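One-letter residues, chain by chain:
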Amino acid sequence: MNTRSKITVLGMIVLSFAFSGKATAQMMKENTVMVGGAAMYPSKNIIENAVNSKDHKTLVAAVKAAGLVETLQGNGPFTVLAPTDAAFAKLPKGTVESLVKPENKATLTKILTYHVLPGKFNAKEIWAAVKTGKGKSMMKTVEGEELTFWTKGKDLYVRDAKGNDAKITIADVNQSNGVIHVIDTVLMP
């Protein structure tokens, strides 16, 4: 290899490090939120972030089993109420294992889409809707039924059709195609 070729190759290597460093610096400048031990980047979509959360392994597996990965990677925007693994563990024993079976895909899809609102709603907007609604706000899910949002002290809650309440434990985890609010209970239509 002649000197000119070596310089060209060296230049390309330096440029690649410069651009990767710039990308890393850009990621560090993003206003990330830690969820399940991982930084959630607003420049990534819902799936790209969720797969990194150690607290959402069950949810990610359920989304895959329901065939909703491509949808949640789409443009959206979506507001996802994301139950943690601990929330799924509150369900009766064997429920999750049963739901992820192929023959139960329709039921699983119904439950998961009940956790998704069409549009991007941050916590401030939900709080305002609750205030305007004199203590509660009804919001229609992608599944078609409504959820009721309400507050207690400084906490924001959501109630499902069965009367179960889930507390939003981490709000406003921004995504490129929406927002995630982490919840402590699985919602049931």
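Further up the page is the structure itself.
Rules used throughout
Residues numbered from 1 in each chain as written. Predicted model: local features only at pLDDT ≥ 70, side-chain atom pairs only at ≥ 80, totals over all residues. Heavy atoms only, no water. Helix = DSSP H or I, 4+ residues; strand = E, 2+ residues; numbered from the N terminus. Buried < 20%, exposed > 50% of the residue type's maximum accessible area, 1.4 Å probe, protein only. Arc of directions from axis to C-beta. Contact = heavy atoms within 4.5 Å. Polar contact = N/O pair within 3.5 Å; in protein donor to acceptor, adjacent residues only side chain to side chain. 1 Å grid on protein atoms, 1.4 Å probe; cavity = no way out; pocket = protein on both sides within 12 Å on 5 of 7 lines; lining within 4 Å. Points joined across faces, edges and corners; volume = space filled by probe spheres on them. Nonpolar A, V, L, I, M, F, W, Y, C, P; charged D, E, K, R; others polar. Pairing = 2+ DSSP bridges. Axes fitted to C-alpha atoms, helices over the stretch in contact; angles between N-to-C directions.

Caption draft 1: Molecular detail of the environment of G37. The topology assignment puts G37 in the loop between β1 (33-35) and β2 (38-40). With 17 residues separating them along the chain, G37 and K54 place their C-alpha atoms 6.4 Å apart.

Caption draft 2: Quick peek at helix α8 (residues 123-132). Within the span of α8, buried status applies to A123, I126 and V130. Along the axis of α8, the buried residues cluster in a sector spanning 65°; they form a single face. Projecting away from the buried face of α8 at angles above 90 degrees are the exposed residues K124, K131 and T132. Residues of α8 that are buried make contact with β5 (137-140), β6 (146-152), β7 (155-159), β8 (165-175) and β9 (178-183). The backbone nitrogen of K124 lies 3.1 Å from a side-chain oxygen of the residue at the head of α8, namely N122.

Caption draft 3: Structural detail: the layout of surface pockets. Estimated volume of the largest pocket: approximately 240 Å³. What lines the largest pocket is a set of 25 residues, among which I46, A50, L59, V63 and V80 lie closest to the centre. A class-by-class count of the residues in the lining of the largest pocket yields 21 nonpolar, three polar and one charged.

Caption draft 4: Unusual backbone geometry, seen in detail. At the junction of G76 and P77, the peptide bond is cis and its omega measures out at 5° in the coordinates. Mapped onto the elements, P77 comes out in the loop between α4 (69-73) and β3 (78-83). The phi dihedral of D172 is positive, around 60°, even though this residue is not glycine. As for its placement among the helices and strands, D172 is situated in strand β8.

Caption draft 5: Highlighting the sheet that holds β9. Spatial ordering of the open sheet is given by β4-β3-β9-β8-β7-β6-β5, a layout of seven strands whose pairing is mixed. Because the sheet does not close on itself, it has two edges, and the strands there are β4 (116-118) and β5. Looking at each pair of strands side by side, their axes are set apart by 30° on average, direction ignored. Relative to β4, β3 runs antiparallel, the two sharing three bridges. Paired with T79 across the two strands is L117, which belongs to β4. Across the sheet, α8 touches β5, β6, β7, β8 and β9, and the angle it forms with β6 is around 90°.

Functional significance is not addressed by these values, which are geometric in nature.
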